[in-house]
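# Examining the three-dimensional arrangement
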Amino acid sequence: MAVLAVAALVALALLTARPVETFVVLPSADGHIGTVVVQRGENRQVLSQPYAASLFGEAQVAHLSPTQVESTYGATLHALPSRPASFLLYFTTGTDELTEDSKPELERMLAAMRARPQADVIVIGHTDTVGEALANDELSAQRAERVKGFLIGIGIAGERIRTAGRGERELLVPTADEVDEPKNRRVEINVR
Amino acid sequence: MRATLAAILFLASAAAVAADAGEIKVVNGSAYLERAGERLQLKAGMPVREADVVVTGANGTVGITFADNSLLSIGPNSNFTIERFVFNSTTHAGQFDSRLNKGTLAGVSGKIVKQSPEAMRVHTPSAIMGVRGTEFAVQVGDKH
């Protein structure tokens with residue numbers, strides 16, 4: 001009797017189209033493992049291990065093999081754009097002259113641009129903690145605009161460059177407020 | 001006071017120009033974009049916006065880099081919508097909602113998630129995934 005019931009269930013499962021809605025966490029290129037939270041109605045699953053997966057109709061967290069991930073998502077993963085690369089440039093105070101240390105960094109940035117078929121650039125200004133936070137937002141944006149001008153001057157198309165000013169929110173060297181720290185007065189370039 | 005007002009005006013204008021959510025970086029095989037009822041051929045370098053729908057054929061894949069450095073790729077036989085993309089490049093505050101109706105999606109989170117965990121969400125027909133960080137993949141389909 002029990003065997004018959006199981007056989008009937010298997011037959012039913014084979015006949016019915018079952019929705020597939022799978023979410024899986026992947027190890028990142030640098031080995032870091034992230035976390036995603038999957039909410040299905042009342043059911044909430046936290047996936048925080050490599051290849052941990054949430055499957056439709058299953059309350060338990062599943063685990064996929066790298067082979068399963070490759071077979072389902074290989075072509076999709078292959079289409080991910082290049083990871084954005086980050087470069088730091090320093091200028092001699094009050095000038096548009098790169099410091100000596102920043103010249104090889106500029107070369108590395110240009111190489112990263114050449115390596116990407118549709119490269120675009122975000123120039124991000126950062127300040128130290130001297131002055132009002134809002135004024136530093138503006139100062140960092142102006143610094144980014146000046147560096148955009150510098151990049152256009154060395155031949156990068158202006159429409160491929162955007163700018164941002166982070167003010168004193170992202171200190172490279174953590175300091176108290178009102179500290180003059182040259183390492184924090186920098187321009188970061190994201191090549192994407 | 002004047003300096004403060006100038007700063008506020010400046011921030012308002014910085015937010016206003018951020019209309020493009022991201023840019024198409026990779027296109028393979030057959031893929032197109034639906035925008036305001038029109039069907040546009042996808043090509044690398046094309047900007048994408050809120051409400052854009054990416055549709056791929058049997059051999060189509062598409063890769064997109066977003067303004068906050070999030071990356072997404074859409075696999076073959078897929079239908080994917082950018083529902084909401086808001087990003088403030090000064091504060092990194094933002095919200096990124098997308099929907100996979102069908103097919104496969106892979107992603108790497110960006111600056112929005114670093115600032116506000118789970119502010120990047122992928123919706124499917126019966127679930128919502130909040131991303132707290134790094135890399136993931138999603139599949140929506142039918143198994144017979």
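All values derive from a computational prediction rather than experimental measurement. (Residues numbered from 1 in each chain as written. Chains lettered and ligands numbered in written order. Predicted model: local features only at pLDDT ≥ 70, side-chain atom pairs only at ≥ 80, totals over all residues. Heavy atoms only, no water.)

## Focus: the confidence of the model for chain B
Residues and elements named next belong to chain B.
- Residues with a pLDDT of 70 or more make up 87% of chain B, whose mean pLDDT is 90.
- Note that residues 9–18 has pLDDT below 50 and, in this model, seven contacts with residues that lie over four places away or in other chains.
- In the predicted complex, the global pTM is 0.89; the interface-specific ipTM is 0.89. (pLDDT = per-residue confidence, 0-100. Contact = heavy atoms within 4.5 Å.)

## Section: the pattern of salt bridges
- Applying the stated criterion to the full structure yields 16 salt bridges over all chains.
- Across the pair A:Asp128 and A:Arg185 runs a salt bridge whose closest N-O atoms are separated by 2.6 Å. Remark: A:Arg185 occurs in the loop between strand S8 (161–165) and strand S9 (186–191) and A:Asp128 occurs in the loop between strand S7 (121–126) and helix H4 (133–153); sequence separation between them is 57 residues.
- On the basis of relative accessibility, which here comes to 25%, the residue A:Arg185 falls in the partly exposed class.
- When the shortest N-O distance is used, the salt bridge between B:Asp97 and B:Arg121 registers 2.8 Å. (Salt bridge = Lys/Arg side-chain N within 4 Å of Asp/Glu carboxyl O. Helix = DSSP H or I, 4+ residues; strand = E, 2+ residues; numbered from the N terminus. Buried < 20%, exposed > 50% of the residue type's maximum accessible area, 1.4 Å probe, protein only.)

## Observations concerning the interface of chain A and chain B
- The interface is formed by 57 residues belonging to chain A together with 57 residues belonging to chain B.
- Taken together, the connections running from chain A to chain B amount to three salt bridges.
- As a salt-bridge pair, A:Arg83 and B:Glu135 come within 2.9 Å of each other at their nearest N and O atoms.
- At the junction of chain A and chain B, the tally comes to 27 residue pairs in polar contact (both at pLDDT 80 or more).
- With nine residues, the top contributor of residues to the side of chain A that touches chain B is strand S1 (residues 18–26) of chain A.
- Its residues assigned to classes, the side of chain A that touches chain B comprises 29 nonpolar, 14 polar and 14 charged.
- Bridge count between S1(A) and strand S12 (residues 135–143) of chain B: nine bridges; the pairing is antiparallel. Each residue of the ladder has a partner; that of A:Thr22, found in S12(B), is B:Gln139. (Polar contact = N/O pair within 3.5 Å; in protein donor to acceptor, adjacent residues only side chain to side chain. Nonpolar A, V, L, I, M, F, W, Y, C, P; charged D, E, K, R; others polar. Pairing = 2+ DSSP bridges.)

## Structural notes on the domain arrangement of chain A
- Splitting chain A by domain gives domain 1 (2–79) and domain 2 (85–191).
- Put simply, the middle of domain 1 of chain A and the middle of domain 2 of chain A, counted by C-alpha atoms, are 42 Å apart. (Domains from an automatic or database assignment.)

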